[in-house]
Each structure stands twice: as C-alpha cells, then as structure tokens.
Amino acid sequence: MPDSKHSIQISASPQLVHPFVASAEGFSRWWASDVTEDNKAGNVELGFFNRATVYALHPIQIAAPGQAHWVCQSGKDWSGTRLFFDLAEQKGQTVLRFTHANWAAETDYFISCNTTWGELMFRLKAAAEGKKPGPLFSGTGLAD
C-alpha cells in the first residue's frame, strides 16, 4: 500500500505546533474552514465542496507534544487511511514528519492528494509560525 510522506521544519516548538495537528480548531487554521469536532470522542469532520466530500477522522494516538495520529473513517479513497503527524524538537524548532498511509493504490487521485499535502504543509508551517495563511479549503472549495 502506498504512503504519501512529507517533512518540514517549523520555527516553533513542538508544544506550539501540536495543537495545529491534534484538533478541529487547529485544522481550521490551515486545512479546511468547515471543521467540526465531537469533544467527547475527539472525532473530527472536515467538509469540502459544500460537504459533498466529508472526511471523518478518529484519533488513534494524540500525545502532546510529539504525535497526532488519526484514522480516516469516510471518503471513497480515504476510508481506512491514516494520517500521522510526528513532531520532534531540533535546535529549538520542530521537524514535522507527516505520512498519509495505507492508500489502496497509487492512483492519479493519490498523486493529486500528495501535491495538495505539500501545499498544506507550508500552510501549517505558516500558521504555527504566527502568520495567518488561513485554510486551503473553504466550505465551497479552494480558498482564495
């Protein structure tokens, strides 16, 4: 099964970066504007294209400040895939290693998502460094 992998250095401590990858509030700062969270179970839903696509994420392991691991429970191609955000401190900064794992096949959609994840990593970096990039996806599609 193919995995999409990215690594990025962020000029902020893992303690500051972790909330951006471990909660609905964090995801809404760089990934999608349509995000809801079930506070009791910790599940997060991200809506795309007026909720024509919804990715329901269930936390596997959320351990501040080093890990936020999720399993996707919906989506034709995403269901059963896993999102691993692993953070390590390096010289006062954070190295974020991201993996979108367990894809069924390396399709054109997989490749497209890999490209999108690259853009998302830079938005996450900017948000964690105190800039305001906003989410890549608004409720209706790609943000301006």
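As a reminder, the structure under discussion sits directly above these lines.
Residues numbered from 1 in each chain as written. Predicted model: local features only at pLDDT ≥ 70, side-chain atom pairs only at ≥ 80, totals over all residues. Heavy atoms only, no water.

## As for the overall build of the protein
In step 1: What the protein contains, in helices and strands, is three helices and seven strands.
In step 2: Overall, the protein shows an N-to-C arrangement of helices and strands of β-α-α-β-β-β-β-β-β-α.
In step 3: In terms of principal-axis extent, the alpha carbons of the protein reach across some 40 × 35 × 30 Å.
In step 4: Taking all 144 residues of the protein together, the buried fraction comes to 45%. (Helix = DSSP H or I, 4+ residues; strand = E, 2+ residues; numbered from the N terminus. Buried < 20%, exposed > 50% of the residue type's maximum accessible area, 1.4 Å probe, protein only.)

## A short note on the environment of isoleucine 62
In step 1: Looking at the secondary structure, you find isoleucine 62 in strand β4 (residues 53–63).
In step 2: Under the relative-accessibility criterion, isoleucine 62 is labelled partly exposed at 38%.
In step 3: On a C-alpha basis, the gap between isoleucine 62 and phenylalanine 85 in space is 9.5 Å, while along the polypeptide they are 23 residues apart.
In step 4: When neighbours within four sequence positions are excluded, isoleucine 62 is seen to be in contact with His18, Ala22, Gln67, Ala68, His69 and Trp70. (Contact = heavy atoms within 4.5 Å.)

## So, the nonpolar core
In step 1: Phe27, Trp30, Trp31, Leu46, Leu57, Phe85 and Trp117 are the most contacted members of the largest nonpolar core, which totals 38 residues.
In step 2: Not counting chain neighbours up to four residues away, the residues in contact with phenylalanine 85 comprise Val21, Phe27, Trp30, Gly66, Gln67, Ala68, His69, Trp70, Leu96, Arg97, Phe98 and Met121. (Core = buried A, V, L, I, M, F, W, Y, C linked by side-chain atoms within 4.5 Å.)

## Some thoughts on the pattern of salt bridges
In step 1: Tallied over the full model, the rule gives five salt bridges.
In step 2: The residue lysine 125 makes a salt bridge to glutamate 129 at a minimum N-O spacing of 2.8 Å.
In step 3: Note that lysine 131 and glutamate 129 form a salt bridge whose closest N and O atoms lie 3.3 Å from each other.
In step 4: Given the relative accessible area of 48%, lysine 131 is considered partly exposed.
In step 5: Its relative accessible area of 23% is what places glutamate 129 among the partly exposed residues.
In step 6: Three or more residues joined by partner-sharing salt bridges are found here, namely Asp34, Glu45 and Arg51. (Salt bridge = Lys/Arg side-chain N within 4 Å of Asp/Glu carboxyl O.)

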